[in-house]
Amino acid sequence: MVKDQQPKGRPFVSIFFDCCKVYNRIYKNKAGTHYVGWCPRCSRKISLKIGPGGTDDRMFFAR
Ligand SMILES: [Zn+2]
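Residues numbered from 1 in each chain as written. Predicted model: local features only at pLDDT ≥ 70, side-chain atom pairs only at ≥ 80, totals over all residues.

Enquirer: Which residues make up the overall build of the protein, and what values do they have?
Expert: On a plain count of helices and strands, the protein comes out with zero helices and five strands. Mapped from its N terminus to its C terminus, the protein presents α and β elements in the order β-β-β-β-β. When each of the 63 residues of the protein is scored for burial, the buried share is 8%. Put simply, 25% of the contacts in the protein that link residues at least 6 apart link residues at least 24 apart. (Helix = DSSP H or I, 4+ residues; strand = E, 2+ residues; numbered from the N terminus. Buried ≥ 20, exposed ≤ 12 C-beta atoms within 10 Å, placed from the backbone. Contact = placed C-beta atoms within 7 Å.)

Okay, here's the thing in structure tokens:
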């Protein structure tokens, strides 16, 4: 049985970069207010604000 790894203490979400059609993981920042990361191909920066109730979504799209 194969499961996705769920590392504890370093929350991340999977994100699809529409610019380069690639997936990557982005991690929560120190303050816990955003998920931040970069496109692995063109280094475009992305930041996702984390709402007051947090988010249960594990997949996002960057356009
Ligand atoms: Zn890109």
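Enquirer: So what about the environment of phenylalanine 61? Which residues, and what values?
Expert: Summarising the element assignment, phenylalanine 61 is placed in strand 5 (residues 59-62). Using a count of 8 C-beta atoms within 10 Å as the deciding quantity, one classes phenylalanine 61 as exposed. Measuring from C-alpha to C-alpha, the distance between phenylalanine 61 and phenylalanine 17 comes to 6.3 Å, with 44 residues separating the pair along the chain. Beyond its immediate chain neighbours, meaning those up to four positions away, phenylalanine 61 contacts Phe16 and Asp18.

Enquirer: Can you explain the environment of arginine 63? Please cite residues and give values.
Expert: Tracing the backbone shows arginine 63 in the segment after strand 5. Each C-alpha atom of the pair arginine 63 and cysteine 19 lies 6.7 Å from the other, and the pair is 44 residues apart in sequence.

Enquirer: An account of the sheet that holds strand 5 is requested, with residue identities and associated values reported.
Expert: On the basis of which strands lie adjacent, the open sheet formed by five strands has the order 4-3-2-1-5 and mixed pairing. Edge positions in the sheet fall to strand 4 (45-49) and strand 5, since each has one partner strand and no second. Mean inter-strand twist for the sheet, computed between neighbouring axes without regard to direction, equals 30 degrees. Sheet topology places strand 2 (residues 22-28) next to strand 3 (residues 34-38); two bridges connect them, and they run antiparallel. By the bridge assignment for strand 3, lysine 28 is matched with tyrosine 35. (Pairing = 2+ DSSP bridges. Axes fitted to C-alpha atoms, helices over the stretch in contact; angles between N-to-C directions.)

Enquirer: Any chance you could break down unusual backbone geometry for me, citing the residues and the numbers?
Expert: Even without being a glycine, lysine 21 presents a positive backbone phi close to 60 degrees. Counting through the fold element by element, lysine 21 comes out in the loop between strand 1 (12-17) and strand 2. Note on lysine 21: 8 C-beta atoms within 10 Å, which makes it exposed. The residue serine 43 is not glycine, and still its phi comes out positive at about 65 degrees. The residue serine 43 is located in the loop between strand 3 and strand 4 in this model.

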